[in-house]
Amino acid sequence: MAHQPIKGKLPLLISALILVLALMWLLGRCSKSNENTIAHQYIHPGGDTLVVAIELSPTSYAFTGDSATGFDYEMMKAIARDHRLPVSFHPFAPVQYALDGLRDGRFDVVIANIPASDNLKKDFLLTDNVFVDRQVLVRLKDTDSLDTTPPQLRLLGDTVWVTASSPYKERLSNLSQELGDTIYVMYDPDYSAEHLVLLTALGEIKQAVVNESVAARLAAEYPQIDISTPISLNQFQPWILAKDETVLRDSLNVWIGEFKQTTDYATLIERYFR
C-alpha cells in the first residue's frame, strides 16, 4: 500500500481554502453561539450534556445560509429533542482528531462517514446502522467508456485514492493479493471524501472510491464526474462511541430504532439520499 500526498500545489491550496473558510465561518459564529465551534482545546463539560463530534460533510454537518444542515446533525438533534437530552455539537476535520478525542473522553459520540468494519469494532463501540450506504468509483465521464471489464478488475495495475479511514483500503489490498496484481492505494489523512471528489473533478487525480452519499451530493455541482460504478455492497453507517460506553450505546440504539420508524426519518432519507 502506498501512502503519499498528491503532488502539485493545487490540491494543497484547495484543502487549505476549504479548511480556512470553514474555520473562519465557525469562529465567526462563536460570538453568537457556543454550540458551533471547532474545539481543539475542548474540555468535556460533564453532567448530562452529550458531546457530539460531527464531521464537516454535506451529509453529516454543513451550512445552508445561516442554518446548520446535514442528515446526521438533524437526526441527532431530533433524538436529543425528543428525549430532552442536552447536546453540544463540535464540527471537526480530520477524522483522527475526533477518534482521539473519543478515546481520551473529550467526546461522547463521533459521527463521520465511516462504515462499520471489523477493525473499527476492535477499538470502539458502534450503534446500530443509522443509514445504509455503499462505496462508488468516482472518475471523470467518458474515461475508458468502452471498457467492459468489471470495475474492481479495472483497478488492477492502476492507482485509486481513498480516505484514510476507509475500510475499502484494506479490501483493495486484499483484492490485489487475490488476483496477483497490484492496486496502488493512495491516501492522505488530511484529505476527506469531499476533497477526493473535488480533486477528481479537477483532473488532479484519476479516480477515487468514496461513499455514494457524499459523491451523489457533490455530483450535482460537478457534472463532469461519473459516480455510476458501485464498488462495494451496501454498508452500514453507525455512530461511534468509546469502548466503555455500553449504556449510552444501548440507549442510542433504542432511540435510533424508534426514530427510524417516523415520518421525520423518511423525510431526511428522501432529502439527503434520494
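Residues numbered from 1 in each chain as written. Predicted model: local features only at pLDDT ≥ 70, side-chain atom pairs only at ≥ 80, totals over all residues. Heavy atoms only, no water.

Enquirer: Looking at this structure, I do not really get helix α3 (residues 95-103). What am I missing?
Expert: Since the α-helix advances by 3.6 residues per turn, residues separated by three or four positions end up pointing in the same direction. Those residues of α3 not exposed but buried are Val95, Tyr97, Ala98, Leu99, Gly101 and Leu102. Considering only its buried residues, α3 is in contact with β1 (50-55), β4 (87-92), β5 (109-111) and β14 (240-241). Looking one or two residues past α3, Gly105 carries a phi angle of roughly 85°, positive in sign. (Buried < 20%, exposed > 50% of the residue type's maximum accessible area, 1.4 Å probe, protein only. Helix = DSSP H or I, 4+ residues; strand = E, 2+ residues; numbered from the N terminus. Contact = heavy atoms within 4.5 Å.)

Enquirer: Can you walk me through the packing of helix α7 (residues 193-201) against helix α8 (residues 212-219) in this structure?
Expert: Packed helices, taken two at a time, are described by the angle between their axes plus the distance between the axes. Where α7 contacts α8, the axes come no closer than 10 Å and their chain directions differ by 45°. The angle between α7 and α8 places the two elements in the oblique class. Seen along the crossing, α7 lies across α8 with a hand that is right-handed. Each of Ala193, Glu194 and Val197 in α7 lies in contact with α8, whose residues at this interface are Val214, Ala215 and Leu218. (Axes fitted to C-alpha atoms, helices over the stretch in contact; angles between N-to-C directions. Parallel < 35°, antiparallel > 145°, perpendicular 65-115°, else oblique. Left-handed = near helix turned anticlockwise from the far one by under 90°.)

Enquirer: Where do I start with the nonpolar core in this structure?
Expert: Considering soluble globular proteins, one finds that nonpolar side chains tend to be buried as a cluster. Grouped together as the largest cluster of nonpolar side chains are 29 residues, with contacts concentrated most on Val52, Phe71, Met75, Met76, Val109, Trp239 and Leu252. Elements represented by at least two residues in this core include exactly β1, α2 (71-82), β4, β5, α9 (246-259) and α10 (263-273). Ranked by residue count, the leading element in this core is α2, at seven residues. Setting aside chain neighbours within four positions, we find Val109 in contact with Leu50, Val51, Val52, Ala53, Met76, Leu102, Trp239, Ile240, Leu241, Leu248 and Leu252. Within the second largest apolar cluster, 19 residues are counted, among which are Val136, Trp161, Ala208 and Ala215. (Core = buried A, V, L, I, M, F, W, Y, C linked by side-chain atoms within 4.5 Å.)

Enquirer: Would you explain the packing of aromatic side chains in this entry?
Expert: Working definition: an aromatic ring pair is given by the centre-to-centre distance plus the angle between the planes. According to the stated counting rule, one finds nine aromatic pairs in the structure shown. Where Phe71 meets Tyr272, the ring centres are 6.4 Å apart and the plane angle is 80°; that geometry is what we call edge-to-face. Residue Phe71 is found in helix α2, and its partner Tyr272 is found in helix α10; the two are separated by 201 residues along the sequence. Pairing Tyr97 with Phe107 gives two aromatic rings, centres 6.0 Å apart and planes at 70°, and the pair type is edge-to-face. With Tyr97 in helix α3 and Phe107 in the loop between α3 and β5, this residue pair connects regions lying ten residues apart in the sequence. By relative accessible area, which is 15% here, Tyr97 ends up buried. A residue is classified by how much of its surface remains accessible, and Phe107, at 3% relative accessible area, is buried. Members of the aromatic cluster, connected to one another through ring pairs, are Phe71, Phe131, Phe259, Tyr265 and Tyr272. (Phe/Tyr/Trp six-rings, centres within 6.5 Å; stacked < 30°, edge-to-face > 60°.)

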